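# Tertiary structure, described
What follows is the residue order along each chain.
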Amino acid sequence: EVRCQFRLPDPLDALLARHWLIVQPQTLQAYLRLERHPLSAVLDQRPADETCLRRLEEASSPQALAGVRRRWKALTTHLAWADDPLRGLHQLQCDNQGLRERNLNLELDGIRRQARIAELEAREEELELTLKMAQEDLGQLSRRITLLEQLVVAGAEASRNVQVALAKVLTA
């Protein structure tokens, strides 16, 4: 039987092809002329496709189209069922990305804080050195004041001695 020689197309493809061949009868006539040519089918080692329109009609029967519809519904149901975990996974990936960004920001804050602490420690060392130098300067000033006090005391003693000696000379 010829039907066994040709594979039945998908019901929707068959429906579209059948509709197109009915709307464009010249295309169907050209196809049948090619199929009826003595060398056409012989080269393919098959009988001529005389029943293409009937095969397309059979492939696009209401039962075949209903089967396609059932398979389509089952597929969309399965896809929806499979989509839920994917949405959950996507949400987890988004949450994970948010946590990574938050962790990175915390790490950057930690690095900034460490840099600030290092700056403050350097400033503290600088201030300690400045304080030590100021204390040394204060110590030197204190020693100078002590020397000046000793000079003033010695000068006052010398001045008193000169006054006493001058008074003795004037009274003598």
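The notes below deal with the structure included here. All of these numbers come straight from a predicted model, not from anything done at the bench.

## Observations concerning the overall build of the protein chain
- A count of helical and extended segments in the protein chain gives five helices and zero strands.
- Taken from N to C terminus, the helices and strands of the protein chain fall in the order α-α-α-α-α.
- The C-alpha atoms of the protein chain give a radius of gyration of 55 Å, which is well past the 16 Å a tight globule of 172 residues would have.
- By its C-alpha atoms, the protein chain is 170 × 35 × 30 Å across when sized along the principal axes.
- By the burial criterion, 10% of the 172 residues in the protein chain qualify as buried.
- Sequence separation of 24 or more characterises 66% of the internal contacts of the protein chain that already satisfy a separation of 6 or more.

## Quick notes on the nonpolar core
- One finds Ala-14, Leu-21, Leu-28, Leu-32, Cys-52, Leu-56 and Ala-59 forming the largest nonpolar core, which totals seven residues.
- Mapped onto this core, the elements with two or more residues apiece are helix H1 (11-23), helix H2 (25-36) and helix H4 (52-59).
- Not counting residues within four places of it along the chain, the set of residues in contact with Leu-28 comprises Leu-21, Cys-52 and Leu-53.

## Brief notes about the pattern of salt bridges
- A full pass over the atoms with the stated rule returns seven salt bridges.
- Arg-87 is the partner of Asp-83 in a salt bridge, and the nearest nitrogen-oxygen pair spans 2.7 Å. Of the two residues, Asp-83 and Arg-87 both sit in helix H5 (residues 62-171), four residues apart, roughly one turn of that helix.
- For Arg-87, a relative accessible area of 54% corresponds to the exposed category.

## Brief notes about H1
- The terminal C-alpha atoms of H1 lie 18 Å apart, and with 13 residues this matches the ideal 18 Å at 1.5 Å per residue to within 8%.
- Listed in full, the buried residues belonging to H1 are Pro-11, Ala-14 and Leu-21. Angular distribution of buried residues about the axis of H1 spans 90 degrees; they occupy a single face of the element. For H1, the exposed residues lying more than 90 degrees away from the buried face are Leu-16 and His-19.
- Turning to H1, the residues buried within the fold contact H2, H4 and H5.

## Remarks on the packing of H1 against H5
- Interhelical geometry of H1 versus H5 gives an angle of 135 degrees and a closest axis separation of 9 Å. Here H1 is positioned oblique relative to H5, judged by the angle of their axes. Side by side, H1 and H5 meet where Pro-11, Leu-12 and Leu-15 of the first sit next to Ala-64, Leu-65 and Val-68 of the second.
- Along the lines of polarity and charge, the residues of the contact of H1 with H5 split into six nonpolar, no polar and no charged.

## Quick look at the side chain of Asp-49
- With respect to the helices, strands and loops of the structure, Asp-49 is situated in the loop between helix H3 (38-43) and H4.
- In this structure the side chain of Asp-49 is engaged in a polar contact, spanning 2.6 Å, whose partner is the side chain of Tyr-31.
- Discounting chain neighbours no more than four positions away, the residues touching Asp-49 are Phe-6, Tyr-31, Leu-32, Glu-35 and Arg-55.

## Quick notes on a negative patch on the surface
- On the surface, a cluster of negative charge is contributed by Glu-121, Glu-124, Glu-125 and Glu-128.
- Residue placement: Glu-121 occurs in helix H5.

What counts as what
Residues numbered from 1 in each chain as written. Predicted model: local features only at pLDDT ≥ 70, side-chain atom pairs only at ≥ 80, totals over all residues. Heavy atoms only, no water. Helix = DSSP H or I, 4+ residues; strand = E, 2+ residues; numbered from the N terminus. Rg over C-alpha atoms; globule rule 2.2 N^0.38 Å. Buried < 20%, exposed > 50% of the residue type's maximum accessible area, 1.4 Å probe, protein only. Contact = heavy atoms within 4.5 Å. Core = buried A, V, L, I, M, F, W, Y, C linked by side-chain atoms within 4.5 Å. Salt bridge = Lys/Arg side-chain N within 4 Å of Asp/Glu carboxyl O. Expected span 1.5 Å × (residues − 1). Arc of directions from axis to C-beta. Axes fitted to C-alpha atoms, helices over the stretch in contact; angles between N-to-C directions. Parallel < 35°, antiparallel > 145°, perpendicular 65-115°, else oblique. Nonpolar A, V, L, I, M, F, W, Y, C, P; charged D, E, K, R; others polar. Polar contact = N/O pair within 3.5 Å; in protein donor to acceptor, adjacent residues only side chain to side chain. Patch = residues over 30% accessible without salt bridge, like charges linked within 9 Å, V, L, I, M, F, W, Y side chains within 5 Å. Areas by Shrake-Rupley, 256 points an atom, 1.4 Å probe, with all protein chains shown as cover. Lys, Arg positive; Asp, Glu negative; His and termini not counted. Charge placed at Lys NZ, Arg CZ, Asp CG, Glu CD.

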